[in-house]
Amino acid sequence: MKAGVYFTGTGPILILTTYGELNDPMLVNKLEQKGIRKFIAYEIPEALVKDKYGLQFNIIMGDLKQTDDLRVLDYDGHHVFYNFSLAELGAPVYHEKEDTVLKVI
């Protein structure tokens, strides 16, 4: 199980996933289907997320499939951002789909 904070165009979200990496191509594809084509993600220790989210974490974990799935644990960007210290974040993972650049004329 991986937990990650994804910084997107609308702010940070906290995701739980059974994918092995925060930028697994199948996970990236699922995020793109939800409109997230560009992000910076940071892994967070599962135990830390469980400690901070308690019952909400357990409910979401019970809803996860055994393989190849993801759940958004928290989409309140302000809450996600201030719930974790920057020192608790892992190394950044970058993703940007090539066609995400908007051109201004």
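Nothing here was measured: the structure is a model prediction, and the numbers come from that model. By convention here, each chain's residues receive numbers from 1 onward along its written sequence. Where totals are concerned, whole chains, interfaces and linings use all residues; where local detail is concerned, this predicted model gives features only for residues with pLDDT of at least 70, and gives and counts side-chain atom pairs only at 80 or more. Side-chain measures were taken over the full set of non-hydrogen atoms in the model, leaving aside hydrogen atoms and water.

1. Examining helix 2 (residues 46-63)
Then comes step 1: Secondary structure counts use DSSP, requiring at least four H or I residues in a row for a helix and at least two E residues in a row for a strand, with both numbered from the N terminus. A helix's residues, less one, multiplied by 1.5 Å, set its expected span. Compared with the 26 Å implied by 1.5 Å per residue over 18 residues, the 16 Å span of helix 2 between its first and last C-alpha is markedly short.
Then comes step 2: Bend at a given residue is defined as the angle between two axes, one fitted to the seven residues that end at that position and one fitted to the seven that begin there. By the largest-angle criterion, Tyr53 marks the main kink of helix 2, which is about 115 degrees.
Then comes step 3: Only heavy atoms matter for contacts: two residues are in contact if any of them lie within 4.5 Å across the pair. Buried residues along helix 2 sit in contact with strand 1 (2-8), strand 2 (11-17), strand 3 (38-44), strand 4 (70-74) and helix 3 (77-83).

2. Quick notes on the nonpolar core
Then comes step 1: With 15 residues, the main nonpolar core has Leu14, Val49, Tyr53, Leu73 and Phe84 as its most contacted residues.
Then comes step 2: When residues of this core are traced back to their parent elements, those giving at least two are strand 1, strand 2, strand 3 and helix 2.
Then comes step 3: The element contributing the most residues to this core is helix 2, with five residues.
Then comes step 4: Sequence-distant contacts of Phe84, that is, excluding residues within four places in its chain, are made with Val5, Leu14, Ile44, Leu48, Val49, Lys52 and Tyr53.
Then comes step 5: Counting residues in hydrophobic clusters, the runner-up holds 13 residues, among them Ile15, Leu22, Ala41 and Leu70. Definition of nonpolar core: a set of buried residues of the types Ala, Val, Leu, Ile, Met, Phe, Trp, Tyr and Cys, connected through side-chain atoms within 4.5 Å. The buried label goes to any residue with under 20% of its type's maximum accessible area, the exposed label to any with over 50%, and the partly exposed label to all in between, with areas taken from a 1.4 Å probe on protein chains only.

3. Concerning the sheet that holds strand 1
Then comes step 1: Read across the open sheet, the five strands follow the order 4-2-1-3-5; overall the sheet is antiparallel. With partners counted over all chains shown, the strands left at the sheet margins are strand 4 and strand 5 (92-96), one partner each. Neighbour-to-neighbour, the strand axes of the sheet open up by a mean angle of 30 degrees, direction not taken into account.
Then comes step 2: Any two strands with at least two DSSP-identified bridges between them are counted as paired. Sheet analysis places strand 2 next to strand 4, joined by four bridges and oriented antiparallel. By the bridge assignment, Leu14 is partnered in strand 4 with Asp74.
Then comes step 3: The strands that helix 2 touches are strand 1, strand 2, strand 3 and strand 4; relative to strand 4, the one it contacts most, it runs at about 125 degrees. Comment: axis = line fitted to C-alpha atoms, over the contacting stretch for helices; angle = value between 0 and 180 degrees taken between N-to-C directions.

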